Structures are given as structure tokens and as C-alpha cells.
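# A structural walkthrough
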Amino acid sequence: MEQNPVFSSSSRRVGELHKWLCADLHINHRRAVEKGYRPADHSERLARNWSTLVAPEDRIYVLGDVIFSKASQLGSWLAAVPGHKILVRGNHDMEKSAWYMRRGFDFVVEALEDKDVLLTHVPRVPLPDHVRLNVHGHFHSMVNQEHYQERRSEFEPYYSEN
């Protein structure tokens, strides 16, 4: 297997813990493949890359929208990838927390704070006073959407057009 040029397992110290963030996995999202947003082997490629980078002792935060269809496959998909998995719920994560935990997540939350960093699925606007950074997924290209235009002034301090 080809080594990742950014990170390789050989550069890790034994027992070293890494924290990983990902969002909007949309495992088994057929329409995203059909529209060309994701490759045909998206779910398999995601599992392969995850397994290459993440060690069993690592912590991985999934910032919502973990699986889009064939939810019965989630347990086997999660069992095949290493790490301690925390789900920060997204708008497509409709099951009860226990359902996700029975399938392999260690913990399920609506949002998670670590010091002055807030992990969410959608942008939190405005940010709580003590939070300096909101790491999130689910930010579609919304420039021409009416909802974005109505709330544009709220988001502009946090995003640029670049």
C-alpha cells in the first residue's frame, strides 16, 4: 500500500494518541455518487484511508451525517475501522444515541466543547463568548440560496469567499 505523504504510521511513537476530525461521511449515499459528488467506491475508499491513518488508540470525531442509506451496514463498517469513535450528531443522524453506540460509536453528542473549541455539525452562530473556534461540517455552497442570503451577515465574520 502506498504511504500517505502527509502522515505515515512509521512516524508515530508507540502509544501516541492522535485526534482526528471528519464530517459528512454520507456512507452509502447513492445520489451523491450519481451526481458526481463522490466516487463510486466512496464508502470503501473512506474505510481504506481511515484504516491507513487511524490507530486503534486514536480518537476520531465524526461531525455528523455518518451514513445516508443501508443503515444496517453501519455496525460492520465501523467495526472494520480502528479508533475510538465519537459522533457529533448531524441532520441525517436520526436514530437514538444508543442505536449508534450499539453499532460502534463510543459516545454520541449534539455538540462537544474542548476548552475554547466547539465541535458541531452545522455552524454555530453566534459563537458562545468563551468559544474561539467552531469546527463543523455541513456547510454547502449557499451563496445563491435564500436562507444564506437572509443570514449572510451572521456568517461573513467566519467565512471568506476564498
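Above this text sits the structure in question.
Presented here is a report on the structure given in the accompanying data block. (Residues numbered from 1 in each chain as written. Predicted model: local features only at pLDDT ≥ 70, side-chain atom pairs only at ≥ 80, totals over all residues. Heavy atoms only, no water.)

In terms of regular secondary structure, the protein is built from five helices and seven strands. For the protein, the succession of helices and strands along the chain, N to C, is β-α-α-β-α-β-α-β-β-β-β-α. Taken over 162 residues, the protein has a buried fraction of 38%. The contacts of the protein with a sequence gap of at least 6 include a subset with a gap of at least 24, amounting to 57%. For the protein, the accessible surface area stands at approximately 10,400 Å², while carbon and sulfur atoms represent 52% of it. (Helix = DSSP H or I, 4+ residues; strand = E, 2+ residues; numbered from the N terminus. Buried < 20%, exposed > 50% of the residue type's maximum accessible area, 1.4 Å probe, protein only. Contact = heavy atoms within 4.5 Å. Areas by Shrake-Rupley, 256 points an atom, 1.4 Å probe, with all protein chains shown as cover.)

Take Ala 40: it is sitting in the loop between α1 (30-34) and α2 (42-53). Given the relative accessible area of 72%, Ala 40 is considered exposed.

Our focus in this paragraph is the side chain of His 42. Its location among the elements puts His 42 in helix α2. Assessed through its relative accessible area of 15%, His 42 is described here as buried. There is a polar contact of 2.7 Å between the side chain of His 42 and the backbone oxygen of Leu 25. Beyond its immediate chain neighbours, meaning those up to four positions away, His 42 contacts Leu 25 and His 26. (Polar contact = N/O pair within 3.5 Å; in protein donor to acceptor, adjacent residues only side chain to side chain.)

The subject of this paragraph is the nonpolar core. Trp 50, Val 62, Val 66, Leu 74, Tyr 100 and Phe 105 are the most contacted members of the largest nonpolar core, which has 21 residues in total. For this core, the elements supplying multiple residues, two or more each, are β1 (19-22), α2, β2 (59-62), α3 (74-79) and α4 (97-102). Counting residues in hydrophobic clusters, the runner-up holds six residues, among them Tyr 61, Leu 63, Ile 86 and Val 109. (Core = buried A, V, L, I, M, F, W, Y, C linked by side-chain atoms within 4.5 Å.)

Here the focus is the packing of aromatic side chains. What the rule picks out here adds up to three aromatic pairs. Seen from their ring centres, Trp 50 and Trp 77 are 5.4 Å apart, and the 80° between their planes marks the pair as edge-to-face. Of this pair, Trp 50 sits in helix α2 while Trp 77 sits in helix α3, placing them 27 residues apart in sequence. What makes Trp 77 buried here is its relative accessible area of 11%. Seen from their ring centres, Tyr 100 and Phe 105 are 6.4 Å apart, and the 70° between their planes marks the pair as edge-to-face. Of the two residues, Tyr 100 and Phe 105, both sit in the buried class. Linked through ring pairs, Trp 99, Tyr 100 and Phe 105 together constitute an aromatic cluster. (Phe/Tyr/Trp six-rings, centres within 6.5 Å; stacked < 30°, edge-to-face > 60°.)

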